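Working through the structure, step by step
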Amino acid sequence: MAELVLNKVVKEFGNLRVIHGIDLQIRDGEFVVFVGPSGCGKSTLLRMIAGLEEISDGDVMIDGDVVNDLSAAKRELAMVFQSYALYPHMSVRKNLAFGLETMGAPKAEIAQKIQQAADILQINELLERKPGQLSGGQRQRVAIGRAIVREPRIFLFDEPLSNLDAELRMQMRVEINRLHQRLRSTMIFVTHDQVEAMTLADKIVVLRAGRIEQVGTPLELYNKPANIFVAGFLGSPRMNFLKGRVTGVDGHHADIELAGGQRLTTDFPAPPTTGEEVTLGIRPEDLTPVGEGEGVLTGEVQIAEQLGGETYVYVALPDGGTVTVEIKGQAKIAAGDRLNLAFEGGKFHIFGTDEKVIRHA
Amino acid sequence: MPSTASGRLSRFWQKNGAGYMFLLPWLIGFLGLTLGPTLASFYLSFTDYDLLTSPRWSGLKNYEYAFLYDRRLGNAIEVTFTYVLWSVPLKLAVALGLAMVLDRSVRGVSFYRATFYLPSLLGASVAIAVLWRQLFGADGLVNQLLFMVTGIQGPAWVTHPDYALSTLIVLAIWQFGSPMIIFLAGLRQVPQDLYEAASMDGASGWRQFRKITLPLLAPVIFFNLVLQTIEAFKAFTQAYIVSGGTGGPVDSTLFYSLYLYEEAFANFRMGYASALAWLLLVIIAIFTAIAFGTSKYWVYYEDESR
């Protein structure tokens, strides 16, 4: 159980700066997910917290103490690796015991903690096997078990589910969630998968190119993305973006002309200036098919994906762009159909040329 | 067409002839230079043969002499065992130590790797053995350095019965290059994650070495151990050159192969030398068998399903 504070944390490899002064506070018991595309620095940041990577500048503080110069072992954290990193020559029991034996824990205590972890993760019958004889999901459990027995101050997960197949990944996601509810420990979880981020996190930290783009609860980020990057990164299918220009301003209301020539009028929190370039962001579920002569966009259906519970429709616009539409249920739409689309309830975001949000949906 | 023997042969030749033609250079060498002499020596080991007159059958007499009466052989075996038991573990330890140093990404690591390997390329050569004799001679570089640093006048290492074998062991250790390269390749196979996991588990460098590096390297250690042991039992050139072909002083560097060579080509007892060769084969086989037999207790293979 611990609180973690990052204070202007910087990482440089030679002259290359990969983490640009990160400030972050993680409260005791919080489940925080670092998410971002590959190369955004999320794993590096986690490894700096773990003590596996030196901190070039700034401070990492656990429960108020700067731990920059403490070795990984002394920080009392545990990490679950993407590759599981189980010791291949040791039985599962030995793998679980290794850290405790290293610390010199009494034998009885080790046995008891292994039993506890095995019960939680339901790996009792695997204890005498070697990692080579386990399936991916079982190895993952053992790797988590190795973290649990240490009773760390903070659990660190480095893309732990990315080597599992889709079904197992979903299952482990649920289990990790359950584990967090049971242990109530502080957990930091790194992933590039926005679904994992949305489903697991109390708090999501979106990273890009070594900088924090936005921090917030999953729904805060989904509903009120700070910029085009966050808006596009979270949500599947991805948010649609349409280029446009402000053509007329009347106080807090303004006319916008889209790149394809369509016009619409909307409100702004602060009056924009005429001629200003903007980007509209609309989630696929906020685009609604409407009758002939209605709606803002018109285009030809390229592909209609029937998922049973919903239908994803990819619509080609006359100006060359494509938008994705999500329709609840099994829509009777096929490739080649013409489709008129309305922005349901004015639920669209507007972003400025600096990619920052101007108006939330 | 009826299937005659000659028909079958010609079909066989048509199908496989080219392959055998390609095999021929090796086959000639193998039959003429390896298998032939090996079988011949087995026969000769039961004969009296002085290279000049034709061999005379003598039954088990050579073996009887070797086992019961040959005190020089006893000495040669002792010298060889001493050499093997010291040089192999020390050489492997040095090789592993340097491989671990080189495994870190030091600047210019490939230069060091090549440099450290160099002695092994030259090692078994006559030139190095000659150089060794100079280095460890009474006025050699080693003694000059020793005198400069400590003021002690060192003995003539290579000609002193107490030290001559040690200089050969040092020479063997110096040729750590090929096991080092193999260790280096083995170390590269150990996933970095395991060390990171261990360091998060609080394991010190020494504990990581003992609990992760050594067990995961065991197959490579085993391979090097077997190879180097066989190599050491067969050692010849170094002792021959340094001792001037005598195994001296006072038979202190009389390696098994050197004694065998002396018996064959200095004393012209080819029959006895052949028996010695077969005894050496048996000794090496026993050591190798011990290594393989115990390996299941200390060698872990990644793919085993135990």
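Residues numbered from 1 in each chain as written. Chains lettered and ligands numbered in written order. Predicted model: local features only at pLDDT ≥ 70, side-chain atom pairs only at ≥ 80, totals over all residues. Heavy atoms only, no water.

Under an unreviewed UniProt entry, chain B has the name ABC transporter permease subunit and belongs to Halovulum marinum. In its Subcellular location (unreviewed entry) section, the UniProt record describing chain B reads: "Cell membrane". Of chain B, the UniProt comment under Sequence similarities (unreviewed entry) reads exactly: "Belongs to the binding-protein-dependent transport system permease family." (UniProt positions renumbered as here; feature names shortened; annotations may be inferred.)

Going by the annotation in an unreviewed UniProt entry, the name recorded for chain A is sn-glycerol-3-phosphate ABC transporter ATP-binding protein UgpC, with Halovulum marinum given as the source organism. Per UniProt, chain A carries the Sequence similarities (unreviewed entry) text "Belongs to the ABC transporter superfamily."

Let us look at the pairing of strand 14 (residues 277-282) of chain A. Residues and elements named next belong to chain A. With respect to burial, strand 14 is a largely interior element, 5 of its 6 residues being buried. Summarising the sheet, strand 11 (residues 240-250) and strand 14 pair through 6 bridges and their orientation is antiparallel. Bridged to L242 within strand 14 is L280. Alignment of strand 14 against strand 20 (residues 349-351), held across 3 bridges, turns out to be antiparallel. Each bridged residue has a counterpart across the sheet, and for G281 the counterpart in strand 20 is H349. (Buried < 20%, exposed > 50% of the residue type's maximum accessible area, 1.4 Å probe, protein only. Helix = DSSP H or I, 4+ residues; strand = E, 2+ residues; numbered from the N terminus. Pairing = 2+ DSSP bridges.)

Working definition: an aromatic ring pair is given by the centre-to-centre distance plus the angle between the planes. Counted under the stated rule, the structure contains 33 aromatic pairs over all chains. Ring geometry for Y112 of chain B versus F116 of chain B: centroids 6.3 Å apart, planes at 35°, classification tilted. Of this pair, Y112 of chain B and F116 of chain B both sit in helix 4 (residues 109-123), separated by 4 residues, roughly a single helical turn. Positioned above the aromatic ring of Y87 of chain A, the side-chain terminus of R146 of chain A is 4.8 Å from the ring centre. Positioned above the aromatic ring of F98 of chain A, the side-chain terminus of R207 of chain B is 4.6 Å from the ring centre. (Phe/Tyr/Trp six-rings, centres within 6.5 Å; stacked < 30°, edge-to-face > 60°. Lys NZ or Arg CZ within 6 Å of the ring centre and 35° of its normal.)

It is worth spelling out the interface of chain A and chain B at this point. Contacts between the two partners involve 24 residues from chain A and, on the opposite side, 19 residues from chain B. Of the roughly 1,900 Å² buried where chain A meets chain B, counting both sides, 60% is carbon and sulfur surface. Counting the surface chain A buries against chain B, the share from its top three residues, P88, H89 and F98 of chain A, is 28%. There are 3 salt bridges connecting chain A and chain B. The partner of R207 of chain B in a salt bridge is E101 of chain A, and the shortest N-O contact between them spans 4.0 Å. Connecting chain A to chain B are 10 residue pairs in polar contact (both at pLDDT 80 or more). Put simply, the parts of the chain that give the side of chain A that touches chain B at least two residues each are helix 1 (42-50), strand 6 (77-80) and helix 2 (92-103) of chain A. The greatest single-element share of the side of chain A that touches chain B, amounting to 4 residues, is contributed by helix 2 of chain A. (Contact = heavy atoms within 4.5 Å. Buried area = accessible area lost by both parts, 1.4 Å probe. Salt bridge = Lys/Arg side-chain N within 4 Å of Asp/Glu carboxyl O. Polar contact = N/O pair within 3.5 Å; in protein donor to acceptor, adjacent residues only side chain to side chain.)

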